Amino acid sequence: MDEERPILTAEYILYENPDFLLIGMGATSAENFILENPQLAGIKALRNKNIIKTDSCSLMRGSPGIIDEMSKLYSEMKKLINSSIFR
């Protein structure tokens, strides 16, 4: 996306049909995200439960904490990949 801080619409997410979905900021949990966004139920990430809750503030801040958050994100994605259809 061209925007500096894009907001992804449900239509955009449906169109892209991602294998994984990272949620942050306003999302309290993956379960609540699914309940609050029933229009996304058909996308691959939700069907396969490939949703990762991130601390997006830490990822957007240029501080040493970004390394820790990226490491957590890597570990979570690796778990999902190892347990998914991508094996």
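Residues numbered from 1 in each chain as written. Predicted model: local features only at pLDDT ≥ 70, side-chain atom pairs only at ≥ 80, totals over all residues. Heavy atoms only, no water.

**Student:** What exactly am I supposed to notice about the overall build of the protein here?
**Tutor:** Secondary structure assignment for the protein yields five helices and two strands. Secondary structure of the protein in N-to-C order comes out as α-β-α-α-β-α-α. When the accessible surface of the protein is split by element, carbon and sulfur atoms take 56% of a total near 6,400 Å². (Helix = DSSP H or I, 4+ residues; strand = E, 2+ residues; numbered from the N terminus. Areas by Shrake-Rupley, 256 points an atom, 1.4 Å probe, with all protein chains shown as cover.)

**Student:** Please clarify how the nonpolar core should be interpreted in this entry.
**Tutor:** Burial of nonpolar side chains together is a common tendency in soluble globular proteins. Counting eleven residues, the largest nonpolar core consists of Ile13, Leu21, Ile23, Ala27, Ala30, Phe33, Leu40, Ile43, Ala45, Leu46 and Ile51. If you list the elements that add at least two residues to this core, you get strand E1 (21–23), helix H2 (30–36) and helix H3 (44–47). (Core = buried A, V, L, I, M, F, W, Y, C linked by side-chain atoms within 4.5 Å. Buried < 20%, exposed > 50% of the residue type's maximum accessible area, 1.4 Å probe, protein only.)

**Student:** Can you help me understand the confidence of the model for the protein in this one?
**Tutor:** Detailed reading of the predicted coordinates is not advisable wherever pLDDT falls low. Looking at the protein, pLDDT values average 82 and 87% of them are 70 or higher. Mean pLDDT in the protein bottoms out at helix H4 (residues 56–60), which sits at 71, and peaks at helix H1 (residues 10–16), which reaches 92. (pLDDT = per-residue confidence, 0-100.)

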